[in-house]
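A closer look at the structure
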Amino acid sequence: MVDRICISINNKCNLACNYCHFRDKGIVENEEMDVYTILDNVKRYAKSTFKIGFVGNGECFLDWPSLKSYISYVEDSPNIKVYTITNGTVPLTDEDWMFLEKHQVNVGFSIDGYKELHDKNRCDSFDEAIRNLEVFKRVTGHYPTFNATVGRESIINREKVISFFKQYGTRVTFSRMIGSKGISLQEYSDFLSNVEKEILVRRGGVDCTMYGGLCGAGMNNYFFANNKVYLCGNCIDLPPVGDSGMAFEELEKISLEFDRNHCYKESL
């Protein structure tokens, strides 16, 4: 059973992070995609908990009215759980933040750690992201979760990274930096094993090695973008497995045999 997908609602971003693997791969296509058809297929298919991540090639808050509409569209399906990730630089109103809270959307802020580390890779966006983080906390009463990309400098300055996130007392998803500036899976695993001794860390299941889990390519975590479906976000430069309107029963028929402790794309 498929129980997790990511939907990229746009290819627009107001940052140009120097490790972005979508930029590395030259993803510039922006074909119109009927997100409601995807959501209809999920609503029909999901008989148990099904996670939809509104994340992808761009910053989804740049299309806030559309994102809000998609979240509202699945609110009548209790099996569907929604999360989204933002770079934290697009300010929302108090009402908008509360909308996400009332709809139980898990919001993750992409912050890599302390200011110097974050700004080096993410276009000097730390101060703005922290300002919006504090607005989120004021409105909702709690901090969001974090998504932090782990590269060479994060490993070298591990204790400073830990110290930064410790103050917020919330869960962190550490993502392995991939692409031309990436680190090895072993380096990432060693980092994760040390960090999770001191702060709450999310490790995925059959999801993605980039998040500390097993590779879900051909089983889970399909990536919907540009009116197509890909095995995952890291496989967007491989041929798609179908168009975005395909039934999930068809996705179930895809079978890939490989060691899921390793990234499918990197095993090719």
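These lines cover the structure that appears in this document, whether it is placed above or below. Just so it is clear, the structure is predicted and the values come from calculations on it, not from any experiment.

How each quantity is defined
- Residues numbered from 1 in each chain as written.
- Predicted model: local features only at pLDDT ≥ 70, side-chain atom pairs only at ≥ 80, totals over all residues.
- Heavy atoms only, no water.
- Axes fitted to C-alpha atoms, helices over the stretch in contact; angles between N-to-C directions.
- Helix = DSSP H or I, 4+ residues; strand = E, 2+ residues; numbered from the N terminus.
- Parallel < 35°, antiparallel > 145°, perpendicular 65-115°, else oblique.
- Left-handed = near helix turned anticlockwise from the far one by under 90°.
- Contact = heavy atoms within 4.5 Å.
- Nonpolar A, V, L, I, M, F, W, Y, C, P; charged D, E, K, R; others polar.
- Core = buried A, V, L, I, M, F, W, Y, C linked by side-chain atoms within 4.5 Å.
- Buried < 20%, exposed > 50% of the residue type's maximum accessible area, 1.4 Å probe, protein only.
- Pairing = 2+ DSSP bridges.
- Patch = residues over 30% accessible without salt bridge, like charges linked within 9 Å, V, L, I, M, F, W, Y side chains within 5 Å.
- Areas by Shrake-Rupley, 256 points an atom, 1.4 Å probe, with all protein chains shown as cover.
- Salt bridge = Lys/Arg side-chain N within 4 Å of Asp/Glu carboxyl O.
- Phe/Tyr/Trp six-rings, centres within 6.5 Å; stacked < 30°, edge-to-face > 60°.
- Lys NZ or Arg CZ within 6 Å of the ring centre and 35° of its normal.
- Polar contact = N/O pair within 3.5 Å; in protein donor to acceptor, adjacent residues only side chain to side chain.

**Notes on the packing of helix α4 (residues 94-102) against helix α6 (residues 126-140)**
Following both chains from N to C, one finds α4 and α6 inclined at 65°, their axes separated by 9 Å at the closest point. In this view, α4 runs roughly perpendicular relative to α6, as classed from their interaxial angle. Between α4 and α6 the crossing geometry is right-handed. Residue-level inspection shows Asp94, Trp97, Met98 and Glu101 of α4 in contact with α6, the latter providing Asn132, Val135, Phe136, Arg138, Val139 and Thr140. Its residues assigned to classes, the contact of α4 with α6 shows five nonpolar, two polar and three charged.

**Some remarks on the nonpolar core**
In this structure, Ile5, Ile7, Phe54, Leu100, Phe174 and Phe224 are the most contacted members of the largest nonpolar core, which totals 72 residues. If near-sequence neighbours (up to four positions away) are discounted, Leu100 is found in contact with Phe61, Trp64, Ile71, Leu92, Val105 and Val107. Cys6, Val55, Tyr230 and Ile236 belong to the second-largest nonpolar core, a separate cluster that totals nine residues.

**Some points on the pairing of strand β1 (residues 4-7)**
Covered by surrounding structure in β1 are Arg4 and Cys6 together with Ile5 and Ile7, the residues of both alternating faces. As defined by bridge partners, β1 adjoins strand β2 (residues 50-54) across three bridges and the pair is classed as parallel. Within β2, the residue paired with Ile5 across the bridge is Ile52. Strand direction decides the pairing type here: β1 and strand β9 (residues 222-225), joined by three bridges, are parallel. Bridge assignment links Cys6 to a residue of β9, and that residue is Phe223.

**Focus on a nonpolar patch on the surface**
A cluster of nonpolar side chains, contributed by Val206, Leu214 and Met219, occupies part of the molecular surface with about 210 Å² of accessible area. Its location among the elements puts Leu214 in strand β8 (residues 214-215).

**Re the environment of Arg171**
Note on placement: Arg171 falls in the loop between α8 (158-166) and β6 (172-176). Measuring from C-alpha to C-alpha, the distance between Arg171 and Leu200 comes to 4.9 Å, with 29 residues separating the pair along the chain. Ignoring sequence-local partners within four residues, the contact set of Arg171 consists of Asn106, Thr145, Phe146, Leu200, Val201 and Arg202.

**A short note on the sheet that holds β9**
Read across the open sheet, the nine strands follow the order β6-β5-β4-β3-β2-β1-β9-β10-β11; overall the sheet is mixed. Of all strands in the sheet, those with a lone pairing partner are β6 and β11 (242-243), marking the two edges. Across four bridges, strand β3 (residues 80-86) lies against strand β4 (residues 106-110) in parallel orientation. Each bridged residue has a counterpart across the sheet, and for Thr86 the counterpart in β4 is Phe109.

**Quick word on the packing of aromatic side chains**
For the structure shown, the criterion picks out 22 aromatic pairs. Between Tyr143 and Tyr168 the ring centres are 4.9 Å apart and the planes differ by 85°, which places this aromatic pair in the edge-to-face class. Taken as a pair, Tyr143 in the loop between α6 and β5 (145-150) and Tyr168 in the loop between α8 and β6 lie far apart in primary sequence, 25 residues in all. Members of the aromatic cluster, connected to one another through ring pairs, are Phe126, Tyr143, Phe146, Phe164, Phe165, Tyr168, Phe174 and Phe191. Between the NZ or CZ atom of Lys43 and the centre of the ring of Tyr73, over which it lies, the distance is 4.2 Å. The ring of Tyr114 has Lys160 lying over it, and the distance from NZ or CZ to the ring centre is 4.2 Å.

**A few points about the side chain of Arg202**
Topologically, Arg202 is positioned in the loop between α9 (185-195) and β7 (206-207). A polar side-chain atom of Arg202 sits 2.5 Å from a polar atom in the side chain of Asp207.

**Thoughts on the pairing of β5**
Most of β5 is tucked away: six of the six residues are buried. Here β5 shows two buried faces, one formed by Thr145, Asn147 and Thr149 and the other by Phe146, Ala148 and Val150. By the bridge criterion, three bridges tie β4 to β5 in an arrangement that is parallel. Each residue of the ladder has a partner; that of Phe109, found in β5, is Phe146. When β5 meets β6, the two strands line up parallel, connected through five bridges. If you follow Ala148 over to β6, its bridge partner there is Phe174.

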